[in-house]
Amino acid sequence: MTGPESEEPQLRRAVCPGSFDPITNGHLDIIARASRLYDVVHVTVMINQAKKGLFSVDERIDLIRRATAEYGNVQVESFHGLLVDFCKQRDIPAIVKGLRAVSDFDYELQMAQMNNGLSGIETLFIPTSPTYSFLSSSLVKEVAAWGGDVSHLVPPFVLEELTKRLGTE
Ligand code: PNS
């Protein structure tokens, strides 16, 4: 068959990139909402060798896979390089980012404009749920390191790994 009827429908793909050291309920809020908007959501741990993480890249991937297991259209992997190159390799036209507060906006806008200038890729911002507007992996690690309660901010198995790693069991 020729013509438009013969063409496979194009899957709508987006990427949710980040450090995810570790994944929090704030990340999950954005991933869950992106998974309702796109056919396939690539959750990608971007490797930054200058930044020593608490968790290794493989550990982060494992935690993200467990946290997103209920979403059938989420693919988790890592990438070393520019985000736009990851997108080009997989034919992904959109980056989805959560915006927690106006303070996020300046830097996110710069990255969105740079990525668009480099490759034409679009960035879509989803406003974070107010429940998580203060939440970041760094704050979770800091509070947990001092024995503070972060059980409402991360999935239970992330909490378990966090307390093991920080020695705050
Ligand atoms: O969770 P983070 O650390 O806020 O995520 C930032 C991240 C990883 C999305 C950003 O630093 C990134 O895209 N890094 C990949 C390298 C790259 O493409 N840099 C140019 C950005 S304009």
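Criteria and thresholds
Residues numbered from 1 in each chain as written. Predicted model: local features only at pLDDT ≥ 70, side-chain atom pairs only at ≥ 80, totals over all residues. Heavy atoms only, no water. UniProt positions renumbered as here; feature names shortened; annotations may be inferred. Patch = residues over 30% accessible without salt bridge, like charges linked within 9 Å, V, L, I, M, F, W, Y side chains within 5 Å. Areas by Shrake-Rupley, 256 points an atom, 1.4 Å probe, with all protein chains shown as cover. Salt bridge = Lys/Arg side-chain N within 4 Å of Asp/Glu carboxyl O. Helix = DSSP H or I, 4+ residues; strand = E, 2+ residues; numbered from the N terminus. Near = heavy atom within 4 Å. Polar contact = N/O pair within 3.5 Å; in protein donor to acceptor, adjacent residues only side chain to side chain. 1 Å grid on protein atoms, 1.4 Å probe; cavity = no way out; pocket = protein on both sides within 12 Å on 5 of 7 lines; lining within 4 Å. Sits in = over half its atoms within 2 Å of the grid points. Pairing = 2+ DSSP bridges. Axes fitted to C-alpha atoms, helices over the stretch in contact; angles between N-to-C directions.

Looking up the chain in an unreviewed UniProt entry gives the name Phosphopantetheine adenylyltransferase, with the organism given as Streptomyces paromomycinus. One UniProt comment on the chain, placed under Catalytic activity (unreviewed entry), says "(R)-4'-phosphopantetheine + ATP + H(+) = 3'-dephospho-CoA + diphosphate".

Caption draft 1: Representation of a nonpolar patch on the surface. On the surface, Leu 82, Met 114 and Leu 118 cluster together into a nonpolar patch covering about 310 Å² of accessible area. In this fold, Met 114 is placed in helix α4 (residues 102-119).

Caption draft 2: Region of the structure containing the site of the ligand. As a matter of local geometry, the ligand sits amid Pro 17, Gly 18, Ser 19, Met 46, Lys 51, Gly 81, Leu 82, Leu 83, Lys 97, Met 111, Met 114 and Asn 115. Contact distances for the ligand include 2.5 Å between an oxygen atom and a side-chain N or O atom of Ser 19. In this structure, an oxygen atom belonging to the ligand sits 2.9 Å away from a main-chain N or O atom of Leu 83. Here the ligand has 550 Å² of accessible area as a free molecule, and 68% of this is covered by the chains. Judged by the fraction of its atoms near the pocket grid, the ligand is located in the largest pocket.

Caption draft 3: Representation of the sheet that holds strand β5 (residues 122-127). Pairing within the open sheet is parallel, and its five strands lie in the order β3-β2-β1-β4-β5. Every interior strand has two partners, whereas the edge strands, β3 (74-79) and β5, have only one. With direction set aside, neighbouring strand axes in the sheet form an average angle of 30°. Judged from the six bridges that link them, strand β4 (residues 94-99) and β5 form a sheet pairing that is parallel. Looking at the pairing, Ala 94 lines up with Glu 122 of β5.

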